[in-house]
Amino acid sequence: MNAHDRTPFSLPQQTGWAKSGKQPSIAIIGAGMSGIAAVVKLRKAGYANLTVYEKADRVGGTWRENQYPGLSCDVPSRWYSFSFALNPDWNYRYSYGPEIQAYMEKTANDFGVTNIVKFNTPVVDLTYEGPKWRLTTENGDITHYDIVISATGVLHKPAHPNIDGLETFKGHMFHTARWDHSVDLKGKRVGIIGTGSTAAQIIGDITDKVGAMHVFQRTPRWMVPLPQTKYKAAWKWLMRKLPFLQRRAYQFYFDAMVNHFSAATVGNQKKLARIQQICLRHLKKGVADPELRAKLTPDYKAGCKRLIFCSTFYPAITRPNAHLITDRIARITPTDIETEDGKVHELDALILATGFDPTAFILPTKVTGENGADLGTFWNGAPRAHRAVSMPGFPNFWMVEGPTGPVGNLSLITISEYQIDYIISMLDKMRDEGLAAIAPRQEAFAAYNQQMQERVPETIWASGGCDSWYIDKSGTPNLYPFLPTKYLEDMHAPNFGEYRLMREEEIANCIPATEEKALVYA
Ligand code: NA7
């Protein structure tokens, strides 16, 4: 069956939640892009008993949280769209943050998602009481669900640098994901630590407005120019009148990014060399001063760290008020940053563009699976999942954008949608066969991850000679090492042999009952 075409919900006369004559109760954690897509797709598939928990007061996830100047998406808008809500009205080929946030909110409203979200309600604890999950919110409310879907996103926990004296700084200081809009940076001496995608966009946007921009670079980055275009009204009209053009455009960008950038990162040396040439040409064209250019030239291969798509950084860093500092930071004092060469850089404001904890996923929510297994301990700083969506020992717990899924220069919306379809296939299986729980088999999980582990050395993330946030405590990149199209094909047709398909009797036999469980099922 095509995973995108679902039959309406029907009740089989078997065991499990289906037998009770009810729909499964499903908790979705997170009202960002993945959470919105999950609600829309689950409903379309006939699963309507849905509750979304959101820690903040609005939908949008990363697009709600990140509000820094210059914020934009480096994946083309026509692909960075929900397949069920293509948008003829995108204003730019690469959308800016506020427009994407507005699109997220509009989609959530149009598809009736917003009204089932419990806002300002962080989930602090999830405990498996087979076959249900006990969900506890920060304010102490407890509810039991048949299914939990974690849609918390990947990069949401800001990483703060461990630099001597950081906390003593007396000027304005904030992480890029917690932008302080009350601070007017106009004319100020601004420092920024980090030169990733976020920093590049900020530097490109604000350098001409601030007094001085001090960029503290630990590692230079490869940058591809971003071919930005503003769409004309006539083009939007055409897209609206001929929706197949939107689908064509979606597919065009999908193919272009996967065939070039993804192919390069997973081992196509020719394409990789071509990307490096593009970056070098961009750098040469953008930075005339050989000394500055040398400082901005990475000593590792393009694609090893996530490629930056940005055309505003080089014009900004070459401005007279911009200063690229490559000496290591020695310490931070109340008024300045001192570098190891002994120089003192006085600052009014300090921006921490130091990225995120990529190993958090749903953590710090405490997740306890079968027999008391703790998810944080199970991952131990190197998160792994079966097909990026589930873990052995955590039945009926599914992740969207979980560990080892394809990320990088691609539309995560597409990946999320396939993962949600896959999860729906699992629910259909439960419904059709009256199952009480599903979890991946330990051996299937191990074999899947072993296969990835063996392929990883061929990727540029492992062989490119760099350190990056892709590499976790295991010392290897925590990424899908094949072409994303392979992942999507595999996700299209689940192999149920990889899973423990459990009936209620089996669960009662292996899960220790708790007092609360006794109450719930009394
Ligand atoms: P990134 O890509 O993780 O970049 C973080 C930057 O901060 C990077 O340049 C780091 O240098 C630098 N950094 C981190 N810690 C320190 C310390 N202690 N001292 C100096 N410099 C430091 O985060 P972004 O927010 O730019 O991008 C995150 C993702 O968001 C991006 O990949 C897209 O998917 C969207 P390093 O390179 O480690 O030497």
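## Here's the deal with the pattern of salt bridges
Within the structure shown, the criterion is met by 28 salt bridges. Asp 348 is paired through a salt bridge with Arg 189; the nearest N and O atoms lie 2.8 Å apart. With Asp 348 in the loop between strand 16 (344-346) and strand 17 (349-352) and Arg 189 in strand 9 (residues 189-193), this residue pair connects regions lying 159 residues apart in the sequence. For Asp 348, a relative accessible area of 24% corresponds to the partly exposed category. Taking relative accessible area as the criterion, Arg 189 reaches 33% and is therefore assigned partly exposed. With its nearest N and O atoms 3.5 Å apart, the salt bridge here joins Lys 209 to Asp 208. Judged by relative accessible area, which is 44%, Lys 209 ranks as partly exposed. Looking at Asp 208, the relative accessible area reads 47%, which means it is partly exposed. Each of Glu 54, Arg 64, Glu 65 and Arg 178 takes part in one network of salt bridges that share partners.

## Description of the confidence of the model for the protein chain
Mean pLDDT for the protein chain: 92, with 93% of residues reaching 70 or above. Overall, residues 1-15 carries pLDDT values under 50, and its contacts beyond four positions in sequence, including any with other chains, amount to 40 contacts. The model gives residues 509-522 a pLDDT under 50, and that stretch makes 15 contacts with residues more than four places away or in other chains.

## Some thoughts on the sheet that holds strand 4 (residues 123-129)
Spatial strand order, 6-5-4-18: 4 strands in an open sheet with mixed pairing. With one partner strand each, in any of the chains shown, strand 6 (142-145) and strand 18 (366-368) form the two edges of the open sheet. Within the sheet, the average angular offset between the axes of one strand and its neighbour, ignoring direction, is 15°.

## A look at the packing of aromatic side chains
According to the stated counting rule, one finds 23 aromatic pairs in the structure shown. Plain terms: the ring middles of Phe 84 and Phe 111 are 5.2 Å apart, the flat faces sit at 70° to each other, and that makes the pair edge-to-face. Pair noted here: Phe 84 is in the loop between helix 2 (62-65) and helix 3 (97-110) and Phe 111 is in the loop between helix 3 and strand 3 (117-118), with a separation of 27 residues, a long-range link. Look at Phe 111 and you get partly exposed, because its relative accessible area is 31%. Between Trp 398 and Tyr 499, the aromatic rings sit 6.1 Å apart at their centres with planes inclined by 50°, giving tilted as the arrangement. Taken as a pair, Trp 398 in strand 19 (residues 397-399) and Tyr 499 in strand 21 (residues 499-502) lie far apart in primary sequence, 101 residues in all. Judged by relative accessible area, which is 1%, Tyr 499 ranks as buried.

Thresholds applied
Residues numbered from 1 in each chain as written. Predicted model: local features only at pLDDT ≥ 70, side-chain atom pairs only at ≥ 80, totals over all residues. Heavy atoms only, no water. Salt bridge = Lys/Arg side-chain N within 4 Å of Asp/Glu carboxyl O. Helix = DSSP H or I, 4+ residues; strand = E, 2+ residues; numbered from the N terminus. Buried < 20%, exposed > 50% of the residue type's maximum accessible area, 1.4 Å probe, protein only. pLDDT = per-residue confidence, 0-100. Contact = heavy atoms within 4.5 Å. Pairing = 2+ DSSP bridges. Axes fitted to C-alpha atoms, helices over the stretch in contact; angles between N-to-C directions. Phe/Tyr/Trp six-rings, centres within 6.5 Å; stacked < 30°, edge-to-face > 60°.

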